[in-house]
Amino acid sequence: MKILFLSAEVAPFAKTGGLADVCGSLPKALHALGHEVRVVMPAYRPIEHGYHTDNPFGLAALPGELRVPTGAGTFPAGVLHGRLPGSPVPVYFIAEWNLFGREKIYGYEDDPYRFAFFSRAVFELLAALDWHPDVLHAHDWHAAPAITWLATAGQSDPRWRNLPSLYTIHNLAYQGQARWEIFDYLQLLTHSLAEEPYGWVNFMARGIYHANQVNTVSPTYAREITTPEFGEGLDRLLRARGPDLHGILNGIDTGFWNPASDPVLAQHYHADDLAGKAACKRDLQARAGLPQRENVPLVAMVTRLTGQKGLDITGHVIHKLLNNHAGDEAQFVVLGTGDAEYEAMFGHLAGYHRRKMTAWLKYDAQLAQRIYAGADIFLMPSRFEPCGLGQMIAMRYGAVPVVRATGGLADTVQHEHTGFTFTEYSTAAFWRALDQALQVYYHDKTRWREIQRNGMTADFSWEKSARAYVRVYAGCKA
Ligand code: ADP
């Protein structure tokens, strides 16, 4: 099959979270199954700037330029192209400096216009390449305008009329709201959805409504989002899609996330020999400015600092942990950026527990790798979690996850087998699960070793899920 991927984030080119990991690794897994995949994303500032300077990704420019029609006129866009590292999968970057040459990926007033332009430009790119995919696979709200355009204005163009689409929900919490005039810009006519307040467009709802098939990134989250509690106002629409809504668990790029070959680690290790992990722990303690103590559990988090991630039940738990409520000593490190209130919370806790805790309030990909490798315990107390990659990466690196059993966390962490889980969203339940993990760590080394080994040898590769995607693609009929 010929599969077109559209995403606002693709690792390693641009990443704020799991969306990037998925769009950087699933195409490779599909390629390995014999399919032809091409990926399209915007050329953000570091990408276009990088191309013009030291060109770290070895990109090239397509000759000529695209002419992208919009309701505000026809605008030119350049196209850079390269490959997903370690694969022959082509990646195309839509280059429009005014829209994408900015400091951050998201967070601008005109985001709906930026991604509407990106989505519309994709069709001009396909025409320029003279490439006709069998399925258009759009990820999250930023690429949903492509599905809406395809299902409306695109239908009058014979080139696109029979192109089926799959829409993947990576996070229902970010829906992409825009004023109705965005449809003038996209030059399409449509009616309002029940989920759209008068005068407003909801791109997440549009993706769900217009795509031929819809999926999300774990079976449990696929069930949860059809309920009012998790549906973020779209549960009725999701229920209406009935059998067209699938749950396919994310995998991780096991070639990249591998403690036996990860180039940034102090020492390599594998499931049968954890000596290298002890060295990584000492290295992490040194970087964190914490005492290098072998038998004190090093607890960690790597996360976006948003309400989704369960941070309002975390502060008290960390305080108990570092006040030795489990009966013995512990250390804690956190790496994350996001909401000011949570940055302040961790900054405050780190100030109080100066000799036991360090908070890195930034984004740092290599430090994240060192944390997964150096940590004994990894926390993900999420309020909701579409899939979650952190817990899978942690298990692969022998850090035992303590997670709330919701969404993909429930599908990937087995209580007392690969980690520890709790259900009720409360500080008390979170503490009970962490305390349970700590008691095993302190008092039953053999069992701890078994739990580590179960996680390290579990199969989190993409292959099975890539096959599930192929089945869904095959079921997409325009
Ligand atoms: P989400 O997509 O909701 O952010 P996931 O668990 O699916 O959550 O994916 C998070 C990814 O982003 C993981 O690869 C994690 O290591 C990475 N990550 C999150 N915050 C940071 C940070 N501050 N620095 C480096 N990597 C981070």
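Residues numbered from 1 in each chain as written. Predicted model: local features only at pLDDT ≥ 70, side-chain atom pairs only at ≥ 80, totals over all residues. Heavy atoms only, no water.

Engineer: Help me understand the site of the ligand, please; the structure alone is not making it clear to me.
Structural biologist: Looking at the ligand, there are 22 residues lining it, with G18, R304, K309, Y372 and L389 nearest. R304 is positioned with one of its side-chain polar atoms (N or O) 2.7 Å from an oxygen atom of the ligand. In the model, an oxygen atom of the ligand is placed 2.9 Å from a nitrogen or oxygen of the L389 main chain. Where the shell around the ligand is concerned, the elements lending two or more residues are helix 1 (18-32), strand 13 (298-305), strand 14 (331-338), helix 13 (365-374) and helix 14 (390-396). The residue inventory of the shell around the ligand, partitioned by class, reads nine nonpolar, seven polar and six charged. (Near = heavy atom within 4 Å. Polar contact = N/O pair within 3.5 Å; in protein donor to acceptor, adjacent residues only side chain to side chain. Helix = DSSP H or I, 4+ residues; strand = E, 2+ residues; numbered from the N terminus. Nonpolar A, V, L, I, M, F, W, Y, C, P; charged D, E, K, R; others polar.)

Engineer: Hey, could you run me through the packing of aromatic side chains in this one?
Structural biologist: In this description, a pair of aromatic rings is defined by centroid distance and the angle of the planes. Applying the stated criterion to the full structure yields 23 aromatic pairs. Ring centres of F100 and F115 lie 6.5 Å apart, and the angle between their planes is 50°; this geometry places the pair in the tilted category. One end of the pair, F100, is in helix 3 (residues 97-100); the other, F115, is in helix 4 (residues 111-129), and 15 residues separate them in sequence. Taken individually, F100 and F115 each receive the classification buried, so the pair is uniform in this respect. Three or more aromatic residues joined by ring pairs form one cluster here, namely Y44, F100, Y106, F115, W141, W180, F183 and F203. Positioned above the aromatic ring of Y108 is the side chain of R102, whose terminal nitrogen or guanidinium carbon lies 4.9 Å from the ring centre. (Phe/Tyr/Trp six-rings, centres within 6.5 Å; stacked < 30°, edge-to-face > 60°. Buried < 20%, exposed > 50% of the residue type's maximum accessible area, 1.4 Å probe, protein only. Lys NZ or Arg CZ within 6 Å of the ring centre and 35° of its normal.)

Engineer: Would you explain the environment of Q308 in this entry?
Structural biologist: Here Q308 lies in the loop between strand 13 and helix 11 (314-322). Since its relative accessible area comes to 5%, Q308 is described here as buried. Taking the C-alpha atoms as reference points, Q308 and A151, 157 residues apart in sequence, are found 32 Å from one another. When sequence neighbours within four positions are dropped, the list of residues in contact with Q308 reads N171, S382, R383, F384, E385 and P386. (Contact = heavy atoms within 4.5 Å.)

Engineer: Would you explain the nonpolar core in this entry?
Structural biologist: Considering soluble globular proteins, one finds that nonpolar side chains tend to be buried as a cluster. Ranked by size, the top nonpolar core spans 134 residues in total, and within it Y167 and I208 carry the most contacts. The leading source of residues in this core is helix 4, at nine residues. Here this core spans two domains, since at least three of its residues come from each of domain 1 (2-251 + 463-477) and domain 2 (275-459). Setting aside residues no more than four positions away along its own chain, I208 makes contact with Y167, I169, L172, V214, L234, L237, L238 and R241. (Core = buried A, V, L, I, M, F, W, Y, C linked by side-chain atoms within 4.5 Å. Domains from an automatic or database assignment.)

Engineer: Help me understand the side chain of R102, please; the structure alone is not making it clear to me.
Structural biologist: Take R102: it is sitting in the loop between helix 3 and helix 4. Residue classification places R102 among the buried positions, given a relative accessible area of 17%. Side chain to side chain, R102 and D110 meet in a polar contact 2.7 Å long. Contact partners of R102, with chain neighbours within four places excluded, come to R45, Y108, D110 and R114.

Any functional reading would require information beyond the geometric quantities listed.
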